[in-house]
Amino acid sequence: MNNEQHNPQTAGTRPAACPAAGNDSAVIAQATTGDYKYGFSSDIDTEIIPPGLSEDVVRLISEKKKEPQWLLDFRLEAFRYWKTLTPPTWAHLDIPTIDFQAISYYAAPVKKEGPRSLDEVDPKILDTFNRLGIPIEEQKALSGMAVDAVMDSVSVRTTHRERLAEMGIIFCSFSEAVRDYPDLVRKYLGKVVGYRDNFYAALNSAVFSDGSFVYIPKGVRCPMELSTYFRINSAGTGQFERTLIVADDDSYVSYLEGCTAPMRDENQLHAAIVEIIVEDRAEVKYSTVQNWYAGDREGRGGVYNLVTKRGLCRGTNSKLSWTQVETGSAITWKYPSCVLSGEGAVGEFYSVAVTRNRQQADTGTKMIHLASGTRSTIVSKGISTGHSQNSYRGLVRVAPKADNCRNYTQCDSLLLSDTCGAHTFPEIQVANPSAVVEHEATTSKISEQQLFYCNQRGIPTEKAVALIVNGYAREVMNKLPMEFAVEAQKLLEITLQDSVG
Amino acid sequence: MKEALLKVENLRAGIDGKEILRGLNLTVHPGEVHAIMGPNGSGKSTFGGVLAGDPRFSVESGSATFHGTDLFGLSPEDRSHEGLFLSFQYPVEIPGVTMVNFMRAAVNAKRKYFGQEPMGAADFLKMMRQKRAIVELDNKLASRSVNEGFSGGEKKRNEIFQMAVLEPRLAILDETDSGLDIDALRIVAAGVNALKTNDNATIVITHYQRLLDYIKPDFVHILYKGQIVHSGGPELALELEEKGYDWIKQQHQS
């Protein structure tokens, strides 16, 4: 990553919003909007269905994707249930009323069929992903990562599929999985996050467009990082992807998702579902670097990131590890969770959540201990500045029949301004006396003496803040795959420029 | 006579509107070691902090010229780049930031100031090894967080280590002897002496004569109520040790 900036381009008939211009303080503008280097949009022929949500729209989406009847039925059931619901209000978030009829629920680059080779992909799409630094070209095979790139509603290109297929690994777009592996999808879809789970899960189940599907067969260690890159490009659309990962007995996979969106004045809705199933002795590492557009300094625009992520560790001694670095989105509502139903299963959650300006984040995890000998670790690091609100919300539950369970939670907040808010809402429900549950929490600020000490050694304040913040977040950053740890560290530094108030 | 490295004239400075330094004058030439002694509350640490740019203190009037430059016109980091080093009486802990990252940021910020490329990782680590040997810090230093969990002696040795890395023109040692046992004191003093050249200078701020057995001053100044009221050679420190500060207080009572 470098500091090169991309100016927002005008995108044909769908103009991209420019960041607020005419601000007296160019420096502030630079720090608060200029540094979102993914704010450009691309002029790509896109098929968008009219805004609005009805049974007809659900049928239309299913039809466009040539889906089997069972999947349409699944969508319709979800839609009918969703209609009975109202959005949840329990989070420490001020979410403006969302007009769900004003959103288009399907946008796709015009190409009808999934491309067979790189030559068939619209060069403008390739260019978009190249500018984002995403290696979707086959020749970048040596970069050691397989990528599924999702633009707006559909998967654009999945790389390395053949090489992975030789090992029996399936890594493809969700639509392709429905077409090519319908039995697998049907077996697992909605089993971890049912459409009745919550409002946004019901919405996603009704209108989900695409996403990634991963299956790692018994005994296979996936030899490379699998990565999905999500990009919202079109204006006025929501993105509703679904990721389903199944790790069969004794398998291992490390999966990473990254997200960006253009800078626009309006808010964009992202309501995704991630379901993970981990069988006996299998291990899944799921890493997220979330950098959706966060809105401008006054809180205009930005993505509403309302996501349900959950893994079911039903295998004996299975392990699921969530690592997230959250710097983007106007509003974040997500709680990557582990249901530990296999004996000796291990759940981990490592999170760095940065909020600044008017950003709001309510994020955390749930560790549900259903089986004996299960262990979980939660390390949450919040960093807040500006007028932002940053909340940790967590649940640790130990079921009556789960003996000898163990949880350790560490929940730290770092405040960089006097006007931000950091909150923690930990809930602990223990129904078995043999459980050991620990919760530690700290709140700290960067002190004037710490900054002066750095200054005295020649380190300017901005660099000193970056050093201290990176030091604070190091424990979580170390959990990311190497190449992303470097990226995420730079992202933190850029995000927090000029942010000590 | 060489040109003055530091010339402080009529310096008045304080904290929260309370004046602590009341017209302080001091001139330091390259190659010299000055000791500033005085009873508690006389303004010794304020003087060090004001020179380094500690934001708690504000300068009311007077000037400080550092090898020809107006010191108070420079940011704290630029004062550092120009060669001013303050060894803190209470070194600050910075959790999570390793010494190697901290010092690399410091060294490269200085190199950037002088238009130089960042130092390569291998060269940097080699330099770290050489410099920590001066104060007998072990190789775990690099991976430890800045001052976090350091003993009192380790903190002060770590200050001198940083001084060795940054090679200042003027080092101000603020109560570097406080909280040190005799072994640590020897190590710290030996480190300071090893770094002494004809081109740099040291201001040793101390309450006791003890440190001056190891770091021999050329000049000793007595600071009282924000002014240097007495200056002399090394013998002045011995006199203070013998007679205490009461005679100074009595002389300046009126």
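Described in the following lines is the structure provided in the data block. Please read all numbers here as calculations on a predicted model, not as lab measurements.

## Things to note about the overall build of chain B
In step 1: Of regular secondary structure, chain B possesses eight helices and 12 strands.
In step 2: Viewed in the frame of its principal axes, chain B has a C-alpha envelope of about 60 × 40 × 40 Å.
In step 3: Residues classed as buried in chain B amount to 43% of the 254 residues present.

## Comments concerning the overall build of chain A
In step 1: Secondary structure summary: chain A contains 11 helices and 25 strands in total.
In step 2: Sequence separation of at least 24 residues holds for 83% of the intrachain contacts in chain A that already meet a minimum separation of 6.

## Details of helix H2 (residues 55-64) of chain A
Residues and elements named next belong to chain A.
In step 1: All buried positions along H2 are accounted for by Val-57, Val-58, Ile-61 and Ser-62. Down the axis of H2, the buried set is contained in an arc of 135°. They therefore lie on one face. Those residues of H2 that are exposed and angled more than 90 degrees off the buried face are Asp-56 and Glu-63.
In step 2: Lining the buried residues of H2 we find helix H3 (69-82) and helix H8 (199-207).

## Some remarks on H8(A)
Residues and elements named next belong to chain A.
In step 1: In terms of residue burial, H8 counts as a mostly covered element, since eight of its nine residues are buried.
In step 2: Burial in H8 covers these residues: Tyr-200, Ala-201, Ala-202, Leu-203, Asn-204, Ser-205, Ala-206 and Val-207.
In step 3: At its buried positions, H8 is contacted by H2, H3, strand E10 (242-247), strand E13 (273-278) and strand E15 (302-313).

## Observations concerning the environment of Leu125(B)
Residues and elements named next belong to chain B.
In step 1: Position of Leu-125 among the secondary structure elements: in helix H4 (residues 121-134).
In step 2: By C-beta crowding, Leu-125 is classed as partly exposed, having 14 other C-beta atoms within 10 Å.
In step 3: Placed 21 residues apart in sequence, Leu-125 and Arg-104 show a C-alpha to C-alpha distance of 9.2 Å.

## Looking at the interface of chain A and chain B
In step 1: Contact residues are listed per partner, giving 17 residues for chain A and 24 residues for chain B.
In step 2: Within the residue set of the side of chain A that touches chain B, elements represented by two or more residues are helix H9 (448-456) and helix H10 (461-477) of chain A.
In step 3: In terms of residues, the side of chain A that touches chain B owes the most to one element, H9(A), which gives seven residues.
In step 4: Along the lines of polarity and charge, the residues of the side of chain A that touches chain B split into seven nonpolar, six polar and four charged.

## Quick notes on the sheet that holds strand E2 (residues 18-28) of chain B
Residues and elements named next belong to chain B.
In step 1: The antiparallel open sheet is built from four strands, whose spatial order is E2-E1-E4-E5. Where the open sheet ends on each side, the last strands, each with one partner, are E2 and strand E5 (69-70).
In step 2: The sheet contact formed by strand E1 (residues 6-15) and strand E4 (residues 57-66) spans eight bridges and is antiparallel. Of the residues in E4, the one forming a bridge with Ala-13 is Val-59.

Basis of the calculations
- Residues numbered from 1 in each chain as written.
- Chains lettered and ligands numbered in written order.
- Predicted model: local features only at pLDDT ≥ 70, side-chain atom pairs only at ≥ 80, totals over all residues.
- Helix = DSSP H or I, 4+ residues; strand = E, 2+ residues; numbered from the N terminus.
- Buried ≥ 20, exposed ≤ 12 C-beta atoms within 10 Å, placed from the backbone.
- Contact = placed C-beta atoms within 7 Å.
- Arc of directions from axis to C-beta.
- Nonpolar A, V, L, I, M, F, W, Y, C, P; charged D, E, K, R; others polar.
- Pairing = 2+ DSSP bridges.

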